[in-house]
Amino acid sequence: MSSLVDPRRNGPSADPAAAAVRLKASFDDVYRHPDPRPYFRVLGDLGYVEAAHMHRVVDALLGHFASPATVLDLCCSYGVLGVLLRTDLTYGDLAARYRAPAVATWSTQRLVDEDRDYLARHRRAGSPVVHGVDVSEPAVAYARQTTAIADGYADDLEARAPSAMLRRVLSSVDVVTVAGGIGYVTERTFDRLLSSAGSTPPWILALVVRTYPYDRIASCLADHGLATERLTRRTFARRRFVDAAEQRAVLSHLEALGIDPAGREADGWYHADLYVSRPVSDARCPIDSLLAGL
């Protein structure tokens, strides 16, 4: 069954959230490039498919919103989730495209132009409207230029309130997604987003590595009228560890948290939990029931 998150529970150390972020290898460099080829090359080598997991979650829940739903993808990078939601393409299709030897020789401008046509040919009628937010200006610019997302905002919500352009769309957002960004974004980001949202807050769907305690964010969301549940039936393989040292550090951290890594991190993969936060009036049916087919 699904598990209701108690936002009052404290972690085992003074700042387990910060410790969890320090454990992870940094991939900041892949987001500084003007197009997604390094992203798919570097993260693809580690089996990173978190956007594909989130795509399946969102698809399973879209029936709870008016069509077309409006999605805000937080930490959107190059708009991968936007592409999956708005087209008939799969994550495998994108990985194969951006890792192809022929495409490696193209200029970024040619890739932008080719991608715009490519995505248009695969657009699905009635697909969600997807906006993106990320601190990486090159990544947001690429996603916007190729129409991977309807619009994008290079806002650092950890540091400051949403820009006027982002505030204008927040009142129409049905769902906020974040796959891979929790830890880099904290309760500060969610407080700023929800403080600028409409009278009915959006649902929040978050894939969170199991080393990261979600309590502070759940508490923040509760202050904005959202009840948070964790899907307990399964976890989601995020990526392989970059090396044995990263795995050892994660296993030690999980032991301190009292989390069993058997069949998950012990097998060489980061795993993430799914948290779903909804207005209390929407939270009658447990998340495990809503996502029974996932």
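Quantities reported herein were computed from a predicted structural model and do not represent experimental measurements.

Chemist: I'd love a proper account of helix 11 (residues 215–223), names of residues and values included.
Modeler: For helix 11, the full list of buried residues reads Asp-215, Ile-217, Ala-218, Cys-220 and Leu-221. Residues of helix 11 that are buried sit in contact with helix 10 (187–195), strand 6 (203–209), strand 7 (226–230) and strand 9 (269–279). With its phi angle positive at about 85 degrees, Gly-225 sits one or two positions after the end of helix 11.

Chemist: Describe the packing of aromatic side chains, listing the residues and the values that go with them.
Modeler: With the rule as written, the count across this model stands at ten aromatic pairs. With centroids separated by 5.1 Å and ring planes inclined at 75 degrees, the aromatic side chains of Tyr-39 and Phe-40 adopt a geometry described as edge-to-face. Of the two residues examined, Tyr-39 and Phe-40, each falls in the buried class. For the pair Phe-40 and Tyr-91, a centre-to-centre distance of 5.6 Å together with 45 degrees between the ring planes defines the contact as tilted. Of this pair, Phe-40 sits in helix 2 (residues 37–44) while Tyr-91 is found in helix 5 (residues 91–99), placing the two residues 51 residues apart along the sequence.

Chemist: Give a description of the pattern of salt bridges that names residues and reports values.
Modeler: As enumerated under the stated definition, the model contains 14 salt bridges in all. A salt bridge links Arg-210 to Glu-265; the shortest N-O distance between them is 2.7 Å. Of this pair, Arg-210 sits in the loop between strand 6 and helix 11 while Glu-265 is found in the loop between helix 12 (244–257) and strand 9, placing the two residues 55 residues apart along the sequence. Under the relative-accessibility criterion, Glu-265 is labelled buried at 1%. With its nearest N and O atoms 4.0 Å apart, the salt bridge here joins Arg-230 to Asp-273. With Arg-230 in strand 7 and Asp-273 in strand 9, this pair connects stretches of sequence that are 43 residues apart. Arg-230 sits in the partly exposed class, given a relative accessible area of 25%.

Chemist: Account for helix 10, naming residues and giving values.
Modeler: Residues of helix 10 that are buried: Thr-189, Phe-190, Leu-193 and Leu-194. Taken around the axis of helix 10, the buried residues stretch over an arc of 120 degrees, which confines them to a single face.

Chemist: Give a description of the environment of Thr-146 that names residues and reports values.
Modeler: By the secondary structure assignment, Thr-146 is in the loop between helix 8 (137–145) and strand 4 (151–153). The spatial distance from the C-alpha of Thr-146 to the C-alpha of Arg-116 is 4.4 Å, given a sequence separation of 30 residues. Setting aside residues up to four positions removed in sequence, Thr-146 forms contacts with Val-112, Asp-115, Arg-116 and Leu-119. Within the structure, Thr-146 has its side chain in polar contact with the backbone oxygen of Tyr-142 (distance 3.0 Å).

Chemist: Now, about the packing of helix 10 against helix 11: what can you tell me, with residues and values included?
Modeler: Two quantities define a packed helix pair, namely the angle between the axes and the distance from one axis to the other. Orientation of helix 10 relative to helix 11, taken along the N-to-C sense of each, is 15 degrees, at an axis distance of 9 Å. As judged from the angle between their axes, helix 10 and helix 11 are roughly parallel. Crossing geometry of helix 10 relative to helix 11 is assigned as right-handed. For the pair helix 10 and helix 11, contact is made by Glu-187, Phe-190, Asp-191 and Leu-194 and by Arg-216, Ile-217, Cys-220 and Leu-221, respectively.

Chemist: Kindly report on the state of the cysteines, identifying the contributing residues and their values.
Modeler: Linking two cysteines covalently through their sulfur atoms gives a disulfide. One pass over the structure, following the stated rule, counts zero disulfides. Note on Cys-75: no disulfide assigned, nearest cysteine sulfur contributed by Cys-76 at a separation of 8.1 Å. Judged by relative accessible area, Cys-75 falls into the partly exposed class, the value being 23%. Accessibility expressed as a relative area gives 2% for Cys-76, which makes it buried.

Chemist: Explain the pairing of strand 2 (residues 70–74) to me, and be specific about the residues and the numbers.
Modeler: Along strand 2, five of the five residues are buried, which leaves the element largely enclosed by surrounding structure. Side-chain alternation along strand 2 places Thr-70, Leu-72 and Leu-74 on one buried face and Val-71 and Asp-73 on a second face that is also buried. Taken together, the five bridges between strand 2 and strand 3 (residues 129–133) define a ladder with parallel strand orientation. When the sheet's bridge partners are listed, Val-71 is paired in strand 3 with Val-130. With four bridges connecting them, strand 2 and strand 5 (residues 175–179) associate as parallel partners. For Leu-72, the partnering residue across the bridge sits in strand 5 and is Val-176.

Definitions and cut-offs
- Throughout, a residue's number is its position along its own chain's written sequence, starting from 1.
- Totals for whole chains, interfaces and linings use every residue, but because this is a predicted model, local features are given only for residues with pLDDT of at least 70 and side-chain atom pairs only at 80 or more, for both listing and counting.
- Only hydrogens and water are removed before side-chain values are computed, so all heavy atoms of the structure are retained for them.
- Burial here depends on accessible area, computed with a 1.4 Å probe over protein chains only, as a share of the maximum for the residue type. Under 20% is buried, over 50% is exposed, and the range in between is partly exposed.
- By the criteria applied, helices consist of DSSP H or I runs no shorter than four residues and strands consist of E runs no shorter than two, each listed in order from the N terminus.
- Any two residues whose heavy atoms approach within 4.5 Å are treated as being in contact.
- Within 6.5 Å between ring centres, the rings of Phe, Tyr and Trp (the latter by its six-membered ring) count as paired, and their orientation is classed by plane angle as stacked under 30 degrees, edge-to-face over 60, tilted in between.
- Salt-bridge detection follows one rule: a side-chain nitrogen of Lys or Arg within 4 Å of a carboxyl oxygen of Asp or Glu.
- The arc in question is the one spanned by the directions pointing from the helix axis to the C-beta atoms.
- Counted as a polar contact is a pair of N or O atoms within 3.5 Å, where, for protein atoms, one must be capable of donating a hydrogen and the other of accepting one, and residues adjacent in sequence contribute only when both atoms are in side chains.
- Inter-axis angles, ranging from 0 to 180 degrees, are taken between N-to-C directions of lines fitted to C-alpha atoms, where helices are fitted over the stretch in contact.
- Angle categories are assigned with fixed cut-offs, so that under 35 degrees is roughly parallel, over 145 is roughly antiparallel, 65 to 115 is roughly perpendicular, and the rest are oblique.
- A clockwise turn of the near helix away from the far one marks a right-handed crossing, whereas an anticlockwise turn of less than a right angle marks a left-handed crossing.
- Note on disulfides: each one is a pair of cysteine sulfur atoms within 2.5 Å.
- In this analysis, strands are considered paired if DSSP registers two or more bridges between them.

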